[in-house]
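Structure at a glance
What follows is each chain in one-letter form.
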Amino acid sequence: MRFLPALTALSLTTLGVVAAAPPASAAGAPGLGPTATGYGGAVATVDATATAVGLDVLRKGGNAVDAAIAAAATLGVTEPFSAGIGGGGFFVYYDAKRRSVSTIDGRETGPATMTEDYFIDPADGLPYDFSEARVSGLSVGVPGTVATWEAAARKWGTRSLAEGLRPAARVAERGFGVDATFRQQVADNAAAFGQFDSTREIYLPGGAPPAVGSTLRNPDLADTYRLIAKQGSGVFYRGAIADDLIETVRNPPVADDPTGAWAYPIRPGELTKADLARYRLRFPSPTRSDYRGLTVYGMNTPSSGGIAVSEALNIIEKGLPGSASATEKLHYYLEASALAFADRNRYVGADTSPQTVKQLLSDRWAAQRACRIDPGKALTKPVPPGDITASGCTPTTVGKPVEQGQSTTNLTVADRWGNVVEYTFTIEQTGGNAMVVPDRGFLLNNELTDFNFAPTQGTAADPNLPGPGKRPRSSMSPTIVLKDGKPFLALGSPGGATIITTVLQVLVNRLDLGMTLPEAMAAPRASQRNSAGIQAEPAFRARYGPQLTALGHTFGPDVAELGAATAIEFTRGGGLIASAEPVRRGGGAAAVVRPRR
Ligand code: GLU
């Protein structure tokens, strides 16, 4: 989201930041627009304040990691329903000196006591309704975000985590302007938020969502950031914040007189202080594949993002005829996506073996899957997953597709030395589990609802069932594409399982359909996640619906918008094109250190 003119300007001034991009907002507001071109470093996020904070760090000599941490911490204040220290995420980093891509897996973990039937109601033996599981202590996994920022700062940053948290603490204390997107997110969550005093106090002042144009302050979060700045992540995982977090999970702070009625009982969770103390980041190798002479790096398990994006790209590369029309290209995009989702649902979870990952990313596998695509006729969906033990186009039985929510946020940063950060982080649903940790000012995640509540793969094993200390499968797809070993494009998006298709579609738009990056980002989106109907934005259906329907594709109900991506393209001579959404989720904000004149 992009914040309103006056308050954005105020925030930027108080932060000592001068807007670097020309006025370009869709609403006619001064400040940062969705596209910025130039040199010397760039930032793209969904929010003008966060982008301005990141840009300020770059200008003052910080590197991409320093700027990413400062911007991310700011998003925890201004985009609190999408991401923050109550959640987790995946950090992908290109190190210009080493010319290598590394990742941090800061995904949430389940409690040590978690068993396969964790989300089965003992009263009737059936899975909980999603909303019942979401707004509960059960859904909360150990958050990985504070550990991620601390590790990134130590490993690759030039500034401490304490410095990284400072501007965000200031924004939390002084406040920021509420815009329509923010207000709407509260309104959509009013029944869930209204159950908890601690959440009501901040987000339902006077019992209603804050007015557009009002200033929202979160002094508790400012204090929490300052405490972490002083004492490091220990206070979060083993100290006073850990105590309060566990108390919230095990004894949810339900209000005596809730605002509105919540349809479900609020169940306590099982997480313990020992679970928090035991939390460890992982540093998996990125997924890696080639596409049209470029090298695509993505996030490995427990995310399915890198695997699914790369498998789909490989299938497109194998199958798509050189002379294809735009419709044929989109046909292949949709078919490859459905096939990749079938395989992801069957094979990808936190414990997927490196051997299986390698196989799913191989050209041989892509050929086995691409041979199922008919250039003249869409496959009947859902398509069966492939049998990775067989050769040829051999399907096995059908697995049920799994859907996810629409929260999360993404940011992209590059610095003058050529380092790049692509970072997607989340608290899962918009508003997480709806519980603010009392006196700490941050919402908890409901990430454990990313597990499958019950087996989805028939007689085959389901790779994403709950387990002790296990990480739920994610779709987050922070992606860095290299050309001749140097950054060419970095991108990512929120949007639950649609993250995979949004990242894939922006890549196809840019690399196959000849669009510029800003065009590729703005173009209408469609998502085929191996279900009967394509989920599409109305403009996509209007433009391509007749041609794709003629090929046998079916559309499901339209969806207003898919994703809220950010990206940076690296052009010749050190040029940068920073790109955020022009419209989706209220429009994002891109900036460069030295704008091109
Ligand atoms: N929890 C989701 C995932 O990890 C992201 C949620 C969303 O973007 O809505 O894939």
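The name that an unreviewed UniProt entry assigns to the protein is Glutathione hydrolase proenzyme, with the source organism given as Actinoplanes missouriensis. According to the UniProt record, the Pathway (unreviewed entry) comment for the protein reads "Sulfur metabolism; glutathione metabolism." Per UniProt, the protein carries the Subunit (unreviewed entry) text "This enzyme consists of two polypeptide chains, which are synthesized in precursor form from a single polypeptide."

**Looking at the pairing of strand β3 (residues 100-106)**
When you tally the buried positions in β3, you get five out of seven residues, the bulk of the element. In the sheet, strand β2 (residues 88-95) pairs with β3 via seven bridges, with the strands oriented antiparallel. Paired with tyrosine 93 across the strands is serine 102, a residue of β3. Two successive antiparallel strands, β2 and β3, enclose a turn made up of four residues, where arginine 99 displays a positive phi of approximately 55°.

**Things to note about the side chain of threonine 45**
For threonine 45, the location among the structural elements is in strand β1 (residues 35-45). By relative accessible area, which is 0% here, threonine 45 ends up buried. Reaching out from threonine 45, the side chain makes a polar contact with the side chain of threonine 51 at a distance of 2.8 Å. When near neighbours in sequence (up to four residues on either side) are disregarded, threonine 45 contacts Ala50, Thr51, Ala71, Leu75, Asn410, Leu411, Thr566, Ala580, Gly588 and Ala589.

**What to know about the environment of glutamine 547**
Along the polypeptide, glutamine 547 turns up in helix α20 (residues 538-550). Sequence separation of glutamine 547 and glutamate 328 is 219 residues, and the distance between their C-alpha atoms is 9.3 Å.

**Regarding the layout of surface pockets**
What the largest pocket holds in volume is close to 530 Å³. Every residue lining the largest pocket is counted, 22 residues in all, and those nearest its centre are Lys486, Pro487, Phe570, Thr571 and Gly574. For the lining of the largest pocket, a count of residues per class yields eight nonpolar, six polar and eight charged.

**Some remarks on empty space enclosed by the protein**
This model, assessed by the stated rule, comprises three cavities of 30 Å³ or more. In this structure, the second largest cavity encloses a volume near 70 Å³. Among the residues forming the lining of the second largest cavity, the class breakdown is nine nonpolar, four polar and no charged.

**Quick notes on the UniProt feature "binding site: L-glutamate" (unreviewed entry) in the protein**
Sites flagged by UniProt as "binding site: L-glutamate" (unreviewed entry) map to Arg107, Asp450, Ser474, Ser475 and Gly496. Spanning 390 residues, the named residues nonetheless gather at one spot, since no C-alpha pair among them exceeds 14.3 Å. Here arginine 107 is to be found in the loop between β3 and α4 (130-134). Inspection of the secondary structure assignment puts aspartate 450 in the loop between β9 (420-426) and β10 (479-483). A distance of 2.8 Å separates the side chain of aspartate 450 from the side chain of arginine 107, its partner in a polar contact.

**Observations regarding the site of the ligand**
Within the structure, the ligand sits among 17 residues, and Ser407, Thr408, Glu447, Asp450 and Gly496 are positioned closest to it. A distance of 2.8 Å separates a nitrogen atom of the ligand from a polar atom in the side chain of glutamate 428. Within the backbone of serine 475, an N or O atom sits 2.7 Å from an oxygen atom of the ligand. In isolation the ligand offers 300 Å² of accessible surface; the protein chains occlude 100% of this area. Per-class residue counts for the shell around the ligand are three nonpolar, ten polar and four charged.

**So, the nonpolar core**
Core analysis: the largest hydrophobic core is formed by 88 residues, its most contacted members being Phe91, Trp149, Tyr203 and Tyr225. In terms of residues, this core owes the most to one element, helix α3 (residues 64-78), which gives eleven residues. With residues near it in sequence (within four places) discarded, tyrosine 225 still touches Ala73, Gly76, Val77, Ile85, Trp149, Leu165, Ala168 and Ala169. Counting 75 residues, the second largest nonpolar core, distinct from the first, contains Tyr333, Leu482, Met515 and Ala590.

**Looking at the UniProt feature "active site" (unreviewed entry) in the protein**
In the UniProt entry, the feature "active site" (unreviewed entry) is given for Thr408. Along the chain, threonine 408 turns up in the loop between α17 (363-370) and β8 (409-415).

**Thoughts on the packing of helix α15 (residues 326-347) against α20**
When two helices pack together, their arrangement is given by the angle between their axes and by how far apart the axes lie. As a packed pair, α15 and α20 sit with axes 10 Å apart at the nearest point and diverge in direction by 95°. If you check the angle between α15 and α20, you find them roughly perpendicular. Contacts between α15 and α20 involve Thr327, Leu330, His331 and Leu334 on the former and, on the latter, Phe540, Tyr544, Gln547 and Leu548.

Criteria and thresholds
Residues numbered from 1 in each chain as written. Predicted model: local features only at pLDDT ≥ 70, side-chain atom pairs only at ≥ 80, totals over all residues. Heavy atoms only, no water. UniProt positions renumbered as here; feature names shortened; annotations may be inferred. Buried < 20%, exposed > 50% of the residue type's maximum accessible area, 1.4 Å probe, protein only. Helix = DSSP H or I, 4+ residues; strand = E, 2+ residues; numbered from the N terminus. Pairing = 2+ DSSP bridges. Polar contact = N/O pair within 3.5 Å; in protein donor to acceptor, adjacent residues only side chain to side chain. Contact = heavy atoms within 4.5 Å. 1 Å grid on protein atoms, 1.4 Å probe; cavity = no way out; pocket = protein on both sides within 12 Å on 5 of 7 lines; lining within 4 Å. Points joined across faces, edges and corners; volume = space filled by probe spheres on them. Nonpolar A, V, L, I, M, F, W, Y, C, P; charged D, E, K, R; others polar. Near = heavy atom within 4 Å. Areas by Shrake-Rupley, 256 points an atom, 1.4 Å probe, with all protein chains shown as cover. Core = buried A, V, L, I, M, F, W, Y, C linked by side-chain atoms within 4.5 Å. Axes fitted to C-alpha atoms, helices over the stretch in contact; angles between N-to-C directions. Parallel < 35°, antiparallel > 145°, perpendicular 65-115°, else oblique.

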